[in-house]
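Residues per chain, in single letters:
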Amino acid sequence: MRELAPARPLGGPAVPLAPLLWAGAVLALVAPPLLLGDKHWAISWPKPWIVPLKAWITAFMTWLRDDLSFGLFTFQEATRFLSWLLGQPLALAGALLADGFTRGSGSDAVLLWPPLPWLAVAGLPVLAALWAGDRRLALLVAVCFAYLALFGQWASAMTTLASIAVAVPIGVAVGLLIGIAAFRRPWLERVLTPLLDLMQTVPIFAYLVPILWFFGFSPVAAMIGTIVFAMPAMIRNTLLALRRVPVETVEFGRMAGCTRRQLLWKVQVPSAAPGLMLGVNQVIMLSLNMVIIASMIGAGGLGFDVLRALRRLDLGAGLEAAVAITLLAIALDRLSQAVAARGPGERSGPGWLLIAAALVAAAWLVGPVAPAVQRWPDAWTLTTGTAVNEAMIWLNLHAFDTVEAAKGWLLVNVMVPLKRLLVGLPWLGVVAALALAGWRLGGWRLAATAAGLTLFIVVTGQWEYAMVTVYLCGLGVLLAGLFGMPVGIWASRSEPVHRVVQAVIDTLQTLPSFAYLIPAVMLFRVGDVAALMAIVAYAVVPVIRYTDHGIRHVEATVVEAARAMGCTRGQILRKVQLPLALPEILLGVNQTIMFALAMVVITALVGTRDLGQEVYIALSKADVGRGLVAGFCVACLAMIADRLIAAGSERLKARLGLA
Amino acid sequence: MRPVKLACRGLWKLFGPEAPRWRGRAPDATALASGGLIVAVRDVGLEIRAGEIFVIMGLSGSGKSTLVRCLSRLVEPSAGAVLFEGRDILAMREAELIELRRHKFGMVFQNFALLPHRDVLGNVAFPLEIQGVPRERREARAREVIALVGLQGRERHYPRELSGGQQQRVGIARSLAVEPELWFLDEPFSALDPLIRRELQDEFLRLQSVLHKTIVFITHDFDEAIRLADRIAIMQDGAVIQVGTAEELVTAPATPYVAEFTRDVPRAKVLSARRVMRPAVASNGLAGEVPADARLASIAARVLASDRPLAVVEDGRVIGVLGRDEVVAALIGREPVDA
Ligand SMILES: Nc1ncnc2c1ncn2[C@@H]1O[C@H](COP(=O)(O)OP(=O)(O)O)[C@@H](O)[C@H]1O
Ligand SMILES: [Mg+2]
């Protein structure tokens, strides 16, 4: 392959050489295993050569936890203190919303004062909706909270809400401060940016392992995990929002004679408020996204209900709790957006606060004597859980054969062969092929990056798991594309379809990723097929969104010109809109890969044998090295795909003159 | 002559990757030719006198905003000196500079730069709040200047509830709240519709007739410059290529560029009686008197309506006569050669 290097033409397509090049690459991938057998060192990385990174990390973390001392206090004391500190507001919120104020602990606990009655907890957000939005929003919020009460999710939802209510303000405040610090100090931003990028690509599971390691299995640890996961969004939005404050506004502040501190707090931060509110909204959504995952390290509440239901395959109960999380997310999302959209000085005044205070006081006073105000009566709850489970049984009785046949066909003819092929690929050939792709798309640096990231996976001994991940993820992306692109194209050509599709994908995006596993397992039971279906369902959203958006935003004059030349609608689509929308569609594919990777890790719960499973096992064994290495490998996969596709999209844009 | 309020000498501002190499000294010719420098301000020297309206005028990108920001040190000049009442502001420490900006400088911005989260009163009172003036006093003062710019009754409105013209009135009020001595205005009316622009220009002249500030006014609109300026500096590619009254620029352009700029100027609005008169001392048989610095536009009708010429008077003395021939010659662009 090397010999062909100098023939790379400048600019235009390398007509005769490119096919040769790619044929060579494919040959290099497929031929060696046949020639050398699959034990050769160039095919599968020999075990003795594996870099014991896992062991090193574990040893380092053990040293941190057990031996590191800062003189006055040890590392462990520091984490314990932090955990105690964060535990205080969490305990308060828990008492307020879920458990009531008690004296003593365990079974001797005496209830001093009950928690906030359900009427007040549901009433406050409805009031807030009326204050910030309109009746429709209030109705939406009321319906969401009514679901929680009606379907018996109230107690769990309050535990979840308590954790969110503490995690969000902390995440927002710390994120804001870090964002401001990075805004003022360019060096800090340079350090922070790659770290944030990495955090975005390392699967959430993998974060949990070190947190579990340092903070143990507890609600506080879960909350820390939630904060760590959600805070980067606040940092990014803070940086972005501060940067978008008009130069003139800052100059005005300086001309008025502001000190640096006055400039920041009286001019820049308030002027950046809309962007900052976007960050708050994202922190809320990410925290809710994290609810189920956080329950793996000790969060109770709705997340734990879903997890437990999934483990027991009690899908009816799981579905109800997952819907509860989704509705909570929708309510808080719309509410925070409405608050953010309020202009300054709109309908403020003490009236609303007074009503809210009156509501809380009244409910709290009446609560102890009127049980229906204090607790939603059990008699009023209903459940669809049994119905869902019965439907499952019915489905298994009647559709079992068909589904099973389709599943079997898919496994035998597509999935298993593909898995074998990928797992059997020679690592050396893959490294070379990815380097070649990197070189063609972005030059030497990209080639080195792609090769380096791939080599990391190889030398840490994660090759086989990574290839299983690639197989599931790749197939998922392929199917998502095959389904999503036509839908996106259709939506781009018809306004009603566009609206319906938009509403559906917006809703899909609020669902916690775990929720996708439930219907998949209902239909296909545990295994690779269920995992694949969950991945496709989760990852199809960006393909649709970007295809639709890309085609819609092709420049109108170009489309008009094509129409003036007499192109049919089909010709315009094929010859004008699709090619010009391709860079954007590629970005959608990129997003899809990221979504698929995030989901693949979660499908470990339904028994896949990939990197996600490694992280999952590490989590249950608190094996910090194993979890982090597998997590980094997922990040490597994500970065390889991301960099290559981004470079391809850039090249395409440059060629189309869109850059 | 009135004292110099603000002056600059040998002022340079460079941007671009090579710029840091030229801190504190003027770049040499090879560096300028190399292409690694963007010269936003090129060796500018100016003297602005107390109480005058000094207009800096040039096309977009000619360096006006950068120059005015160097004068207020919002942008750190690469080289040169800026003297406010004789003190070099480039040598000042941060604290001194803040004091100066709090009490002596005011600035109005092209896009208003109002704080979106504060109402009109809050915006106007802001510079006083920064100084630590107690709420009562600063709000009373803010109400005063709000009334001065004709916005009374709108104190509780937010910027987004105001029209562009009203927003700029707030910007003007806000910059006047601290009673600055030196008033910078960077294209304050350029973002407004022509009619509103006109209205605010009148408003601005009215304010100045009461306040007598020293004003540095930026514009890219020569008509605006003529209406407002005592003196005009023309900028091209970062350099000031001519400074003078509108009349001087029109009648004696220093370069073809200035001539091109001033070609379509309505001459009647620029030329004064002194410029177009026939020098004479006798005052027999004249139809009346006109002041020497009166613009042609304001006296042409009288001259043309009269059979006999008018006397041009300065300090009570007749210095020339002005008849139909002189006026017509001036208006069609054949004014007498410079005396
Ligand atoms: N921060 C900056 N970085 C680089 N170039 C700048 C910067 N600010 C201004 N310039 C350049 O300096 C020149 C003068 O700009 P400016 O002062 O804004 O002109 P004007 O106000 O007359 O339109 C322009 O060529 C502009 O591109
Ligand atoms: Mg400008």
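Owing to the predicted nature of the structure, the values given are computational and were not obtained by experimental measurement. (Residues numbered from 1 in each chain as written. Chains lettered and ligands numbered in written order. Predicted model: local features only at pLDDT ≥ 70, side-chain atom pairs only at ≥ 80, totals over all residues. Heavy atoms only, no water.)

## Points about the overall build of chain B
If you tally the helices and strands in chain B, you get 14 helices and 14 strands. Considered along the principal axes of its C-alpha atoms, chain B spans approximately 65 × 60 × 35 Å. Counting only residues that meet the buried cut, chain B has 54% of its 339 residues in that class. Pairs at least 24 apart in sequence give 66% of the contacts found in chain B among residues at least 6 apart. Summing over all exposed atoms, chain B offers an accessible surface of approximately 15,300 Å²; the carbon and sulfur share of this is 50%. Considering chain B, the positive charge centre built from 46 side chains and the negative charge centre built from 44 side chains are found 2 Å apart. (Helix = DSSP H or I, 4+ residues; strand = E, 2+ residues; numbered from the N terminus. Buried < 20%, exposed > 50% of the residue type's maximum accessible area, 1.4 Å probe, protein only. Contact = heavy atoms within 4.5 Å. Areas by Shrake-Rupley, 256 points an atom, 1.4 Å probe, with all protein chains shown as cover. Lys, Arg positive; Asp, Glu negative; His and termini not counted. Charge placed at Lys NZ, Arg CZ, Asp CG, Glu CD.)

## Considering the interface of chain A and chain B
Counting residues at the interface gives 19 residues for chain A, matched by 25 residues for chain B. With both sides pooled, the region where chain A packs onto chain B buries about 2,100 Å², and carbon together with sulfur makes up 59% of that total. Where chain A meets chain B, there are two salt bridges. Here Glu 251 of chain A ties to Arg 69 of chain B by a salt bridge, and the two come within 2.6 Å at their closest N and O atoms. Linking chain A with chain B are eight residue pairs in polar contact (both at pLDDT 80 or more). Looking at the side of chain A that touches chain B, the elements with two or more residues in it are α10 (247-255) and α11 (260-271) of chain A. (Buried area = accessible area lost by both parts, 1.4 Å probe. Salt bridge = Lys/Arg side-chain N within 4 Å of Asp/Glu carboxyl O. Polar contact = N/O pair within 3.5 Å; in protein donor to acceptor, adjacent residues only side chain to side chain.)

## A short note on the site of ligand 1
All names here are of chain B. The immediate surroundings of ligand 1 are formed by Phe 15, Ala 40, Leu 59, Ser 60, Gly 61, Ser 62, Gly 63, Lys 64, Ser 65 and Thr 66. Contacts to ligand 1 include Lys 64, whose side-chain N or O atom sits 2.9 Å from an oxygen atom. One of the side-chain N or O atoms of Thr 66 is found 2.5 Å from an oxygen atom in ligand 1. Protein contacts shield 59% of the accessible area of ligand 1, which totals 560 Å² for the unbound molecule. If one sorts the elements of the shell around ligand 1 by residue count, helix α2 (residues 64-71) sits on top with three residues. Broken down by class, the residue content of the shell around ligand 1 amounts to three nonpolar, six polar and one charged. (Near = heavy atom within 4 Å. Nonpolar A, V, L, I, M, F, W, Y, C, P; charged D, E, K, R; others polar.)

## What to know about the confidence of the model for chain A
When pLDDT is averaged along chain A, the result is 84, and 94% of the positions lie at 70 or above. Considering only residues more than four positions removed or in separate chains, one finds that residues 1-15 of chain A, a stretch of pLDDT under 50, has 13 contacts. (pLDDT = per-residue confidence, 0-100.)

## Topic: a nonpolar patch on the surface
Residues and elements named next belong to chain A. A cluster of nonpolar side chains, Val 110, Leu 112, Trp 113, Leu 365, Val 366 and Val 369, forms an exposed patch at the surface whose accessible area comes to about 580 Å². Put simply, the parts of the chain that give the nonpolar patch at least two residues each are β2 (110-113) and α16 (350-366). A total of three residues in the nonpolar patch trace back to one element, the largest contributor, which is β2. Judged by relative accessible area, which is 63%, Leu 365 ranks as exposed. (Patch = residues over 30% accessible without salt bridge, like charges linked within 9 Å, V, L, I, M, F, W, Y side chains within 5 Å.)

## Focus on a positive patch on the surface
Residues and elements named next belong to chain A. On the surface, Arg 184, Arg 185, Arg 260 and Arg 261 cluster together to form a positively charged patch. With respect to the secondary-structure elements, Arg 184 resides in helix α6 (residues 154-184). Arg 184 sits in the partly exposed class, given a relative accessible area of 31%.

## Description of the domain arrangement of chain A
Residues and elements named next belong to chain A. Segmenting chain A into domains produces domain 1 (117-390) and domain 2 (399-656). Summarising the inter-unit geometry, the C-alpha centres of domain 1 and domain 2 are found 29 Å apart. Each partner contributes residues to the interface: domain 1 has 31 residues there, and domain 2 has 29 residues. Roughly 2,600 Å² is buried in total at the junction of domain 1 and domain 2, and carbon and sulfur atoms are behind 86% of that figure. Interface area lost by domain 1 to domain 2 is led by Phe 205, Val 209 and Leu 310, which between them contribute 22%. (Domains from an automatic or database assignment.)

## What about the sheet that holds strand β8 (residues 214-219) of chain B?
Residues and elements named next belong to chain B. If you trace the six strands from one edge of the open sheet to the other, you get β6-β7-β8-β3-β9-β10, paired in mixed fashion. Two strands lie at the open edges of the sheet, namely β6 (105-108) and β10 (239-244), each paired on one side alone. The mean inter-strand angle of the sheet, taken between neighbouring strand axes irrespective of direction, is 15 degrees. As paired elements, strand β3 (residues 53-58) and strand β9 (residues 231-236) share five bridges and run parallel to each other. Bridge pairing links Gly 58 to Met 235 in β9. (Pairing = 2+ DSSP bridges. Axes fitted to C-alpha atoms, helices over the stretch in contact; angles between N-to-C directions.)

## Focus on α2 of chain B
Residue and element names in this part refer to chain B. In terms of burial, α2 is largely enclosed, as seven of its eight residues are buried. Of the residues making up α2, those classed as buried are Lys 64, Thr 66, Leu 67, Val 68, Arg 69, Cys 70 and Leu 71. Arg 73 sits one or two positions beyond α2 and adopts a positive phi of about 60 degrees.

## Examining the domain arrangement of chain B
Residues and elements named next belong to chain B. By the assigned domains, chain B splits into domain 1 (50-78 + 88-261) and domain 2 (267-331). Using C-alpha coordinates to define each centre, domain 1 is positioned 35 Å away from domain 2. In this assembly, five residues from domain 1 lie in contact with seven residues from domain 2. Of all residues in domain 1, Glu 247, Val 250 and Thr 251 give up the largest surface area on contact with domain 2, accounting jointly for 77% of the area buried on that side. Run the count over domain 1 and domain 2 and you get one residue pair in polar contact (both at pLDDT 80 or more).

## Let's talk about the pairing of strand β7 (residues 182-186) of chain B
Residues and elements named next belong to chain B. Along β7, five of the five residues are buried, which leaves the element largely enclosed by surrounding structure. Residues of β7 alternate between two faces, with Leu 182, Phe 184 and Asp 186 on one and Trp 183 and Leu 185 on the opposite face, all of them buried. Alignment of β6 against β7, held across four bridges, turns out to be parallel. The partner of Met 107 across the bridge, within β7, is Phe 184. As for the winding sense of the linkage, the β-α-β connection from β7 through helix α7 (residues 194-211) to β8 is right-handed. (Right-handed = clockwise from strand over helix to strand, strands pointing away.)

## Description of the sheet that holds strand β12 (residues 289-291) of chain B
All names here are of chain B. Strand order in the open sheet formed by four strands is β11-β14-β13-β12, and the pairing between neighbours is mixed. With partners counted over all chains shown, the strands left at the sheet margins are β11 (278-279) and β12, one partner each. Examined bridge by bridge, strand β13 (residues 310-314) and strand β14 (residues 317-322) share five bridges and lie antiparallel to one another. Residue pairing for β14: Glu 314 is matched across the bridge by Arg 317. Contacts from helix α13 (residues 296-305) reach β12, β13 and β14 within the one sheet, and its direction differs from that of β12 by about 165 degrees.

## Observations concerning the pattern of salt bridges
A pair can form between side chains of opposite charge whenever their charged atoms are brought close. The tally for this structure, following the rule as stated, stands at 40 salt bridges over all chains. Between Glu 47 of chain B and Arg 49 of chain B there is a salt bridge, with its nearest N and O atoms 3.6 Å apart. Two residues, Arg 118 of chain B and Glu 129 of chain B, come together in a salt bridge whose shortest N-O distance is 2.9 Å. Of the two residues, Arg 118 of chain B is situated in the loop between β6 and α4 (120-131) and Glu 129 of chain B in helix α4; the sequence distance between them amounts to eleven residues. Here the salt bridges share partners, and the residues they tie into one network are Lys 266 of chain A together with Arg 118, Glu 129 and Arg 138 of chain B.

## Focus on the packing of aromatic side chains
By the definition in use, this model includes 17 aromatic pairs over all chains. Here the aromatic rings of Phe 84 of chain B and Phe 105 of chain B are separated by 5.2 Å at their centres, their planes lie at 85 degrees, and the arrangement is edge-to-face. Linking Phe 84 of chain B in strand β4 (residues 79-84) with Phe 105 of chain B in strand β6, this pair joins segments that are 21 residues apart in sequence. Classification of Phe 105 of chain B by relative accessible area gives buried; the value is 2%. Taken together, Trp 183, Phe 189, Phe 204 and Phe 217 of chain B form an aromatic cluster joined through their ring pairs. Taking the ring centre of Trp 213 of chain A as reference, the NZ or CZ of Arg 65 of chain A above it sits at 4.0 Å. Lying over the aromatic face of Phe 252 of chain A, Arg 174 of chain B brings its terminal NZ or CZ to 3.3 Å of the ring centre. (Phe/Tyr/Trp six-rings, centres within 6.5 Å; stacked < 30°, edge-to-face > 60°. Lys NZ or Arg CZ within 6 Å of the ring centre and 35° of its normal.)

## What to know about empty space enclosed by the protein
Summed over the entire model, instances satisfying the criterion amount to three cavities of 30 Å³ or more. Put simply, the largest cavity is a space of about 100 Å³. Forming the boundary of the largest cavity are 13 residues, of which Met 255 and Ala 256 of chain A together with Phe 105, Gly 106 and Pro 127 of chain B lie nearest the centre. Elements with a contribution of two residues or more to the lining of the largest cavity: α10 of chain A together with α3 (94-103), β6 and α6 (164-176) of chain B. (1 Å grid on protein atoms, 1.4 Å probe; cavity = no way out; pocket = protein on both sides within 12 Å on 5 of 7 lines; lining within 4 Å. Points joined across faces, edges and corners; volume = space filled by probe spheres on them.)

## What to know about unusual backbone geometry
All names here are of chain B. Even without a glycine there, the phi angle at Glu 85 is positive, about 50 degrees. Tracing the sequence through the fold places Glu 85 in the loop between β4 and β5 (87-88). Non-glycine residue His 212 carries a positive phi angle of around 55 degrees. If you trace the backbone, His 212 turns up in the loop between α7 and β8. Of the residues examined, His 212 reaches a relative accessible area of 57% and is grouped as exposed.

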